[in-house]
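Reading the structure
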Amino acid sequence: MSVELSIVMPCLNEAETIESCITKALHFLKENNISGEVVIGDNGSTDGSQKLALALGARVVDVKEKGYGSASRGAIEAAQGKYVITADTDDSHDLENLMPFVKKLREGYDLVMGNRFKGEKIENSMPFLHRYLGNPVLSFIGNLFFKTKINDFHCGLRGINKKAYQTLDLKSTGMEFASEIVVKASMLNLKITEVPTTVFPAGRTRKAHLRTFPDGWRHLRFLLLYSPKWLFLIPGLLLLLIALFATIYLVVKPEDNLIKWLPVSSSLILIGFQFIFFYALTKIYEKNKNLIPIGKK
């Protein structure tokens, strides 16, 4: 029998919660009569997470390259399903209510994002900074840069058509993997939608792997690097315009300002030109290193 759905979860020392996650995922498949599997991308757990997963009937893929993105990619690439739904193994995702994702995938959408802000709001389910600052700001920047309409760029619960996934050529090893999927899907004009989902407080007692500021910076850096127009071109053009108007003003009304401020405006022209030059070099580098999906023109 062919596998329709693979529920994929990256794992690093999640013995406290992995059994609950797998049990919920398998219950969902059984209750909805879906031919599926649970695949765990283990990133070197030392607490016995692998044995617990295998005992419940999940497939465990050993991923040696460290990082959330590496573990996720390893598990997704090993998945046998036509569709893949990714989730975390901290028991924070609503794994027994995945039909909204499945329905959208069956309708022909390539990427279905979970939206935690439209789901039921449960106290302490998200850190304050993540809910009210990090996710909204990064989602706004992502939508601005890549013309998407995703209100929760970083929800770990998401579904993707396996064939569509194979066109993305994902490379991220860390938490920015969540952004890379959306960015490259938008670059290839894949069909993207989102559905409400509820997030719960994590079931583990240890500290989360996610680091608010370092990982937030990784996401922002990724968005900027994949949109050199906003990183280099637009700032460069703005500097050139400011320098141009300043130079015209100084020439028309020189008084004593010409000698004092003309070097400043000239420097702005050079800096603006260099920004535009960096933009061109970045585009060339992206193409040569295959950072941009192959289908992107």
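None of these values were measured; they are calculated from a predicted model. (Residues numbered from 1 in each chain as written. Predicted model: local features only at pLDDT ≥ 70, side-chain atom pairs only at ≥ 80, totals over all residues. Heavy atoms only, no water.)

A few points about the overall build of the chain
How we decide: Helix numbers and strand numbers start at the N terminus; a helix is a DSSP run of H or I with at least 4 residues, a strand a run of E with at least 2. Partly exposed describes any residue whose relative accessible area lies between the buried limit of under 20% and the exposed limit of over 50%, with all areas from a 1.4 Å probe on protein chains only and scaled to the type maximum. Contacts are residue-level and defined by heavy atoms, with any inter-residue pair within 4.5 Å sufficient. Computed by Shrake-Rupley with a 1.4 Å probe, the accessible areas treat only the displayed protein chains as cover when residues are assessed.
Helix and strand counts for the chain come out as ten helices and seven strands. Expressed as a percentage of its 297 residues, the buried residues of the chain come to 46%. Taking the intrachain contacts of the chain between residues at least 6 apart in sequence as the baseline, contacts between residues at least 24 apart amount to 75%. For the chain, the accessible surface area stands at approximately 15400 Å², while carbon and sulfur atoms represent 61% of it.

Observations concerning the pattern of salt bridges
As a reminder of what qualifies: A side-chain nitrogen of Lys or Arg and a carboxyl oxygen of Asp or Glu constitute a salt bridge if their distance falls within 4 Å.
Summed over all chains, the structure comprises nine salt bridges. With a closest N to O distance of 3.7 Å, Glu 65 and Arg 73 form a salt bridge. Under the relative-accessibility criterion, Arg 73 is labelled buried at 12%. Across the pair Lys 104 and Glu 107 runs a salt bridge, and its minimum N-O distance is 3.7 Å.

Quick look at the packing of aromatic side chains
We count it as follows: Aromatic rings from Phe, Tyr and Trp, with only the six-membered ring used for Trp, were paired whenever their centres fell within 6.5 Å, and each pair was classed as stacked if the ring planes differed by under 30 degrees, edge-to-face if by over 60, and tilted otherwise. To sit over a ring, a charge needs its Lys NZ or Arg CZ within 6 Å of the ring centre and within 35 degrees of the ring normal.
By the definition in use, this model includes four aromatic pairs. Ring centres of Phe 145 and Phe 146 lie 6.3 Å apart, and the angle between their planes is 65°; this geometry places the pair in the edge-to-face category. Grouping residues by exposure puts Phe 145 and Phe 146 together as buried. Ring plane angle 75° and centroid distance 6.0 Å describe the contact between Phe 232 and Phe 275, whose orientation is recorded as edge-to-face. Residue Phe 232 is located in helix α9 (residues 228-252), and its partner Phe 275 is located in helix α10 (residues 257-288); the two are separated by 43 residues in the primary sequence. Judged by relative accessible area, which is 18%, Phe 232 ranks as buried. According to the relative accessible area criterion, Phe 275 is partly exposed, its value standing at 25%. Three or more aromatic residues link up through ring pairs in this structure, and these residues are Phe 232, Phe 275 and Phe 278. Looking at Lys 191, its charged tip hangs above the ring of Tyr 109, at a distance of 4.7 Å from the centre.

Notes on the environment of Ile 150
One can find Ile 150 in the loop between α5 (128-146) and β6 (158-161). Along the chain, Ile 150 and Val 112 lie 38 residues apart, while their C-alpha atoms are 9.9 Å from each other. Once residues lying within four places of it in the same chain are set aside, the contact partners of Ile 150 are Met 113, Ser 139, Asn 143, Val 182, Ile 192, Thr 193 and Glu 194.

So, empty space enclosed by the protein
The criterion, for reference: In this analysis, the protein atoms alone were mapped onto a 1 Å grid. Cavities are point sets where a 1.4 Å probe fits without being able to get out; pockets are open sets with protein on both sides within 12 Å along at least five of seven lines; lining residues have an atom within 4 Å of a point. Grid points are joined across faces, edges and corners, and a volume is the space filled by probe spheres set on the points. Gly falls in the polar group here, along with every residue not listed as nonpolar (Ala, Val, Leu, Ile, Met, Phe, Trp, Tyr, Cys, Pro) or charged (Asp, Glu, Lys, Arg).
Enumeration according to the criterion identifies one cavity of 30 Å³ or more in this entry. If you add up the space inside the largest cavity, you get close to 40 Å³. Residue lining of the largest cavity: Tyr 68, Thr 86, Gly 156, Arg 158, Phe 177, Ala 178 and Ile 181, and that is the complete set. Split by residue class, the lining of the largest cavity holds four nonpolar, two polar and one charged.

Some points on helix α1 (residues 18-31)
So the rule is basically this: Helices are assigned an expected span. That span is 1.5 Å times one less than the residue count. Directions drawn from the helix axis to the C-beta atoms are what define this arc.
Helix length check: α1, at 14 residues, gives a terminal C-alpha distance of 20 Å against a target of 20 Å (1.5 Å per residue), a fit within 8%. Of all the residues in α1, the buried ones are Ile 18, Cys 21, Ile 22, Ala 25, Phe 28 and Leu 29. What you see down the axis of α1 is that its buried residues fit within an arc of 125°, all on one side. Exposed residues pointing more than 90 degrees away from the buried face of α1 are listed as Lys 30 and Glu 31. Among the structural elements, β1 (5-11), β2 (36-42), α2 (49-55) and α4 (99-106) are those in contact with the buried residues of α1. Trailing α1 by a residue or two, Asn 33 shows a phi angle of about 55°, which is positive.

Describing unusual backbone geometry
Phi at Asp 91 is positive, roughly 65°, even though this residue is not glycine. Within the secondary structure, Asp 91 sits in the loop between β4 (83-86) and α4. One non-glycine residue with positive phi stands out, namely Asn 189, at about 60°. Position of Asn 189 relative to the elements: it lies in the loop between α7 (177-187) and β7 (192-196). With relative accessibility at 68%, the residue Asn 189 sits in the exposed group.

Structural notes on the environment of Ser 70
We apply this condition: Distance and chemistry together define a polar contact, namely a pair of N or O atoms within 3.5 Å, with one atom able to donate a hydrogen and the other to accept it when in protein, and with adjacent residues in sequence counting only for side-chain atoms on both sides.
Within the secondary structure, Ser 70 sits in helix α3 (residues 68-78). Here the side chain of Ser 70 touches Lys 66 through a polar contact of 3.2 Å, landing on its backbone oxygen.

Remarks on the sheet that holds β1
Sheet strands pair by backbone hydrogen bonding; their relative direction is either parallel or antiparallel. Applicable threshold: In short, DSSP must find at least two bridges between two strands for them to pair. Angles run from 0 to 180 degrees between N-to-C directions of axes, and those axes are lines fitted to C-alpha atoms, restricted for helices to the stretch in contact.
Pairing is mixed in the open sheet, where seven strands are placed in the order β3-β2-β1-β4-β6-β5-β7. Looking at strand neighbours, the two that pair on one side only are β3 (59-62) and β7, the edges of this open sheet. Sheet twist, expressed as the mean angle between neighbouring strand axes with direction ignored, is 25°. Two strands pair when backbone bridges link them, and β4 and β6 are joined in this way by four bridges, in the antiparallel orientation. Residue Tyr 83 lies in a different strand from β6, and its bridge partner there is Asn 161. Against the sheet, α3 contacts β1, β2, β3 and β4, and its axis sits at roughly 155° relative to β1.

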